Amino acid sequence: MPEGDTVFRAAHRLHAALAGHEVVRFDLRVPQAATVDLRGETVRSVIPRGKHLLARIGGLTLHSHLKMEGEWHVYPPGARWRRPAHTVRAIVGVATADAVGFDLAMIDVVPTEREDDLVGHLGPDPLAADWDAVEAARRLALDDRPVHVALLDQRNVAGFGNVYANELLFVRGLAPTTPASSADVAALVETGVRMIRANRDRAARTFTGEDRRGRRMWVYGRAGAPCRRCGTLVRETSLGAAPTAERNVFWCPRCQPASL
Ligand SMILES: [Zn+2]
């Protein structure tokens with residue numbers, strides 16, 4: 001599942017392939033942007049912002065979001081794509097490479113000075129140079145909702161998705177239903193930042209420090225399996241800010257006791 005670390009790596013790959021080059025192929029296969037043509041413009045940079053990706057081309061910004069299934073691939077021009085053509089949403093080609101975006105969401109093109117219309121609501125980003133831990137903790141401390149829901153709200157902190165929220169709450173010993181406002185949010189933020197920075201450059205995310213398949217998670221995806229720390233069976237439920245935003249939640253009832 002794409003989270004901030006995945007988007008960071010994707011932006012880095014796209015930047016390396018495209019920045020400084022003139023666009024020679026440009027195709028957005030979404031109705032709202034199908035007529036935009038940036039051929040002849042120069043790619044200035046590609047940067048991540050939380051789970052959003054911003055490609056600055058000429059005076060415009062191509063915005064996209066990976067959501068659940070999205071991926072950007074970089075190919076030599078003319079190479080065969082590794083995903084079906086009907087899932088392509090965007091192509092940005094330069095003389096030496098084609099960046100192809102599959103199953104992207106939230107595709108928009110806006111003047112670069114108006115990027116904040118798209119990402120200005122986001123909270124501090126732990127992978128950005130301007131990361132502000134104090135501000136992230138301040139936003140979480142004001143949130144009375146279950147801490148799992150608060151961590152996923154990108155207005156509090158930008159970049160954590162469901163895998164991070166689950167693993168982070170296990171490591172901090174917090175029940176997912178604990179109100180964020182009563183948790184030690186400074187410690188939570190500090191641990192979360194350490195996790196996402198450690199995983200930033202890894203292809204396979206790990207939270208346990210182990211790198212073998214099936215050993216990388218404490219609780220995520222492990223419902224009914226024994227807790228790696230205490231042996232109690234890991235439980236699963238769902239939580240969300242709204243019924244449509246519910247996510248699978250995994251926790252160890254012993255290591256993460258609900259506060260009364
Ligand atoms: Zn446990």
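Calculation criteria
Residues numbered from 1 in each chain as written. Predicted model: local features only at pLDDT ≥ 70, side-chain atom pairs only at ≥ 80, totals over all residues. Heavy atoms only, no water. Salt bridge = Lys/Arg side-chain N within 4 Å of Asp/Glu carboxyl O. Buried < 20%, exposed > 50% of the residue type's maximum accessible area, 1.4 Å probe, protein only. Helix = DSSP H or I, 4+ residues; strand = E, 2+ residues; numbered from the N terminus. Pairing = 2+ DSSP bridges. Axes fitted to C-alpha atoms, helices over the stretch in contact; angles between N-to-C directions. Core = buried A, V, L, I, M, F, W, Y, C linked by side-chain atoms within 4.5 Å. Contact = heavy atoms within 4.5 Å. Domains from an automatic or database assignment. Buried area = accessible area lost by both parts, 1.4 Å probe.

S.K.: Before we go on, may I ask you to explain the pattern of salt bridges in this structure?
M.R.: Any two side chains of opposite charge can pair, given that their charged atoms come close. Going through the model one piece at a time under the given rule, you end up with 20 salt bridges. In this structure, R29 and D27 form a salt bridge, with 2.8 Å as the shortest nitrogen-oxygen distance. Its relative accessible area of 27% is what places D27 among the partly exposed residues. The salt bridge involving D103 is made with R89; its shortest N-O contact spans 3.8 Å.

S.K.: What am I meant to see in unusual backbone geometry here?
M.R.: A negative phi angle is the norm for most residues apart from glycine, just as the trans form is the norm for most peptide bonds. Positive phi is not limited to glycine here, since D103 has a value of about 50 degrees. If you trace the backbone, D103 turns up in the loop between β7 (98-102) and β8 (105-111). A relative accessible area of 25% places D103 in the partly exposed class. Non-glycine residue M106 carries a positive phi angle of around 55 degrees. A relative accessible area of 37% places M106 in the partly exposed class.

S.K.: What's the story with the sheet that holds β8 in this structure? I'm lost.
M.R.: Each strand in a sheet pairs with another by means of backbone hydrogen bonds, the pair being arranged parallel or else antiparallel. Read from one edge of the open sheet, four strands run β2-β3-β4-β8, paired in antiparallel fashion. At either margin of the open sheet sits one strand with a lone partner, and together these are β2 (43-49) and β8. Recorded for the sheet is a direction-independent mean angle of 15 degrees between the axes of neighbouring strands. Inspection of the sheet shows strand β4 (residues 60-65) paired to β8 by five bridges, in the antiparallel sense. Residue pairing across strands places T61 opposite V110, the latter belonging to β8.

S.K.: I would appreciate a short explanation of the nonpolar core in the present structure.
M.R.: Generally speaking, nonpolar side chains in soluble globular proteins are found buried as a group. Counting 35 residues, the largest nonpolar core has L140, L151, F160, F170, L188, V189 and F207 as its most contacted members. Only α3 (133-141), α4 (147-152), α5 (162-172) and α6 (185-199) provide two or more residues apiece to this core. With residues up to four places along the chain from it excluded, the contact list for V189 reads W131, A133, A136, A137 and L140. Within the second largest apolar cluster, 27 residues are counted, among which are A11, V23, A97 and A99.

S.K.: Would you mind going over the domain arrangement of the chain with me for this structure?
M.R.: Note on interface size: it is often stated as the accessible area lost on association of the parts. Structurally, the chain comprises domain 1 (4-119) and domain 2 (133-251). Using C-alpha coordinates to define each centre, domain 1 is positioned 29 Å away from domain 2. Contact with domain 1, which involves seven residues of that partner, is made by 13 residues of domain 2. Summing both sides of the interface, domain 1 and domain 2 together bury roughly 760 Å²; the carbon and sulfur share of this comes to 52%. Looking only at domain 1, the three residues that lose the most surface to domain 2 are D5, R9 and K51, adding up to 59% of its buried area. There are one salt bridge connecting domain 1 and domain 2. For R205, the salt bridge goes to D5, with nearest N and O atoms at 2.9 Å.

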